[in-house]
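Given next are the chains, with one letter for each unit.
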Amino acid sequence: MNETKSVLAAALFFSSTLAMGAFPAWAQTGASLSGTVTDQTGAALLGVAVTIKSVDTVASRTIATDGGGHYQASGLPPGRFEIRAAKHGFADEKRTGISLAAGQEATVDFTMQRSASDACASGQEFATTDCTLTWHGITLYGAYDIGVGWVSHGLPENGYNYEGASLVNRNGYQHRFLIAPNNLQQTGLGVRGKEEFLPGWSVVFNASSGINPQSGLLANASATQTINNGLPRSSYSYAIDGARAGQPFNDEIYGGISSEHFGTLTFGRQRSLGTDAMLRYDPAGGSYAFSYIGYNGTMAGGGDTEDSRWDDALKYRFTYGPVHFGAMYKFADGNGGCYSASATWTAATCTPESAHNNAFGFDGGGEHGRISADVVFQHYNQAISVLNPLLGPQSVTQSYQSTTNSINTNPITGVNLISTNNTVYGIVTDNKAIMGAVKYTWDPFKFFGGYEFIWQNNPTHPLGVGASDQGGYLMSGVEDNNLDSEKLVQVWWTGVKYAYDSKTDITFAWYGQVQNTFRVPSTCSVAAGFRSSCAGDLEEGSLYLDHHFTKRFDAFTGLAYSFVTGGLAIAIPHGPGVPYLHNNNFAPLLGGRFSF
């Protein structure tokens, strides 16, 4: 193995020397190109052969990346270039359409995908390298991420919660030490494959699921709600909302066809375009422990955290040189329950509804030098946002959520249409959102920023009692007219990642979300009483250090602080509103991650 590395290094050095001799102008003053080459996990790749070729003169130069995955070429003449990154065990990556002016400094990064031929040959190789668990073109992958932490205002844990406890929680009431799951990455397993069936054409598929690392249970946001149904607020454990609801493949399960020239088309349960952009442009990479937009999917889902993944969806991706394009369409699925517009209604007078939860979105972006940017638009009908667990006889506030079903806030007379056992309660809106995000590289720093504007309105097609939610859960309570007027939400973020060395990163990030007053009449003050329909603000800041001991194992430590004000500090939206028990949370933690 050492002899092979020596031969490769000598060959790269020899080819670089020949290029310098053949094209002496390149050694003089001129433009420069640099960048970082990583694998799909974000780990730096050593010894990648980066070939820079002039389209105008056909001259080329090959450079090997260093231990930090970096390459740099200076003294390039003005003109057009294409760059190719190649390494044994990885699929080649190519960038075209790169134009350099005299004296210009440009950055082009690569993310390389492992090929099936680089499979682990032994247990020792698996432990000491980043080889893949591949057999006949099918790769098993996953991660285990867990830590210990402290929160200033927290709750008891349960085995279904997969997002930890770093973000301010409406029902958090005491400081406590706890086990923190899934801090930098969701614990889970997946299987993926890519098999060529014609030159340049391949079949692709992916299936993955997340779990709670300390309980071993499937990630299930809906179950965190239902296990708290009927309990007094003081007895709650962590209750969250999200797209993972106990499905066998609660992350993604899709298949499709990929072409080297025409892009990739897939169908199934897939991450939304907003989620893809969040993972790319979030300084914390979608971390549950240190990122608000990772923990809460409002931004990724275009207005609703449950829509960070779309079921029954077509997704198309196409890349041409430095430019890429994406489009996505979700077909309606599930059932719409039973609905009536009457002031009082029963099971005999309501009408079965069809689901109209179709959605669509577009993404456009590209790279130029050191900067990359994307713009994403998403529209989702009948988006469901689950509220607090169903209230019950023990609740100190009104108990109608569990004793009568609600739609348009009109009570149902007679027996409940849907049992309140193992069901959820939520509001329904039609959402649209536009997001812009940018990343700028200035070694050893990477700067991130983004902004999203979201419009929410009462649904054109209402859902009824008994409508289906994520993971096959049913809704025993539905609100289709929760908004007095259009609700406007703005989400923004910024941050910087500093590469202290080839193995250690330090990241700082700040996130914010604000909403308008959509209450009519718009009387929102301490005297009038705040409701969830009043203007409000949520802020979170985080700072953490991540050190890679090996290709597979890293350890991290950091802290997050978050707080809410105004309407966003209202925990239960009915009546004059029930506020958060505490409007802030401070959460330091220490953890480790093993990925493969």
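Residues numbered from 1 in each chain as written. Predicted model: local features only at pLDDT ≥ 70, side-chain atom pairs only at ≥ 80, totals over all residues. Heavy atoms only, no water.

1. Things to note about the overall build of the protein chain
Reasoning step 1: Along the protein chain, the regular secondary structure elements total six helices and 33 strands.
Reasoning step 2: The burial tally for the protein chain puts 53% of its 596 residues in the buried class.
Reasoning step 3: In the protein chain, the share of contacts with a sequence separation of at least 24, taken over all contacts with a separation of at least 6, comes to 69%. (Helix = DSSP H or I, 4+ residues; strand = E, 2+ residues; numbered from the N terminus. Buried < 20%, exposed > 50% of the residue type's maximum accessible area, 1.4 Å probe, protein only. Contact = heavy atoms within 4.5 Å.)

2. Quick word on the state of the cysteines
Reasoning step 1: All chains considered together, the criterion is met by two disulfides.
Reasoning step 2: The disulfide partner of C338 is C350, and the gap between their sulfur atoms is 1.7 Å. Judged by the torsion about the S-S bond (100°), the C338/C350 disulfide is right-handed. Pair noted here: C338 is in strand β18 (residues 335-339) and C350 is in the loop between β18 and β19 (351-354), with a separation of twelve residues, a long-range link. For the pair shown, C338 and C350 are each scored as buried.
Reasoning step 3: One disulfide in the model links C524 with C534; its S-S distance is 2.1 Å. Classification of the bridge connecting C524 and C534 rests on its S-S torsion, roughly -85°, and on that basis the disulfide is left-handed. Of this pair, C524 sits in the loop between β28 (504-515) and β29 (536-548) while C534 sits in the loop between β28 and β29; the two residues are ten residues apart in sequence, bridging distant segments of the chain.
Reasoning step 4: For C524, a relative accessible area of 23% puts it in the partly exposed group.
Reasoning step 5: Of the residues examined, C534 reaches a relative accessible area of 0% and is grouped as buried. (Disulfide = S-S within 2.5 Å.)

3. Let's talk about the pattern of salt bridges
Reasoning step 1: All chains considered together, the criterion is met by 19 salt bridges.
Reasoning step 2: We note a salt bridge from E252 to R271, for which the minimum N-O separation is 3.8 Å. Note that E252 is positioned in strand β14 (residues 252-259) and R271 in strand β15 (residues 263-271), a separation of 19 residues in sequence.
Reasoning step 3: The buried category is assigned to E252, whose relative accessible area is 7%.
Reasoning step 4: In this structure, K315 engages D276 in a salt bridge whose closest nitrogen and oxygen atoms are separated by 2.5 Å. Of this pair, K315 sits in strand β16 (residues 309-320) while D276 sits in helix α4 (residues 273-281), placing them 39 residues apart in sequence.
Reasoning step 5: Classification of K315 by relative accessible area gives buried; the value is 8%.
Reasoning step 6: Each of E93, R95, R280, E367 and D374 takes part in salt bridges that share partners, so that together they form one network. (Salt bridge = Lys/Arg side-chain N within 4 Å of Asp/Glu carboxyl O.)

4. Overview of the packing of aromatic side chains
The geometry of an aromatic ring pair is captured by the separation of the ring centres together with the interplanar angle, meaning the angle of the planes.
Reasoning step 1: Enumeration over the complete set of coordinates arrives at 17 aromatic pairs.
Reasoning step 2: A ring pair is formed by F445 and F447, whose centres lie 6.0 Å apart and whose planes are at 25°; its orientation type is stacked.
Reasoning step 3: Take F445: its relative accessible area is 28%, and that puts it in the partly exposed class.
Reasoning step 4: Through pairs of rings, three or more aromatic residues link up here, namely W442, F445, F447, Y498 and Y500.
Reasoning step 5: We note R244 situated over the ring of Y162; from NZ or CZ to the ring centre the distance is 6.0 Å.
Reasoning step 6: Here the guanidinium or amino end of K432 rests over the ring plane of W455, the centre of that ring lying 5.4 Å away. (Phe/Tyr/Trp six-rings, centres within 6.5 Å; stacked < 30°, edge-to-face > 60°. Lys NZ or Arg CZ within 6 Å of the ring centre and 35° of its normal.)

5. Looking at the environment of P444
Reasoning step 1: When you line up the elements, P444 lands in the loop between β24 (424-442) and β25 (445-457).
Reasoning step 2: The partly exposed category is assigned to P444, whose relative accessible area is 35%.
Reasoning step 3: Here the alpha-carbon distance between P444 and D501, two residues 57 residues apart in the chain, equals 8.5 Å.
Reasoning step 4: With sequence-adjacent residues up to four places away left out, P444 is seen in contact with K497, Y498 and A499.

6. Describing the side chain of Q225
Reasoning step 1: Structurally, Q225 can be placed in helix α3 (residues 221-226).
Reasoning step 2: Q225 gets classed as buried once you look at its relative accessible area, which sits at 5%.
Reasoning step 3: Setting aside residues up to four positions removed in sequence, Q225 forms contacts with A239, I240, D241, V386, L387, N388, P389 and V424.

7. Side note on the pairing of strand β5 (residues 79-86)
Reasoning step 1: Across six bridges, strand β2 (residues 49-54) lies against β5 in antiparallel orientation. By the bridge assignment, A49 is partnered in β5 with A86.
Reasoning step 2: Here β5 folds back onto strand β6 (residues 93-100), and the loop between the two strands holds six residues, one of which, G89, carries a positive phi near 90°. (Pairing = 2+ DSSP bridges.)

8. Focus: the pairing of β18
Reasoning step 1: Of all five residues in β18, four are buried; the element is thus mostly enclosed.
Reasoning step 2: In terms of strand pairing, β18 meets β19 through three bridges, oriented antiparallel. Opposite Y339, over in β19, you have T351 as the bridge partner.

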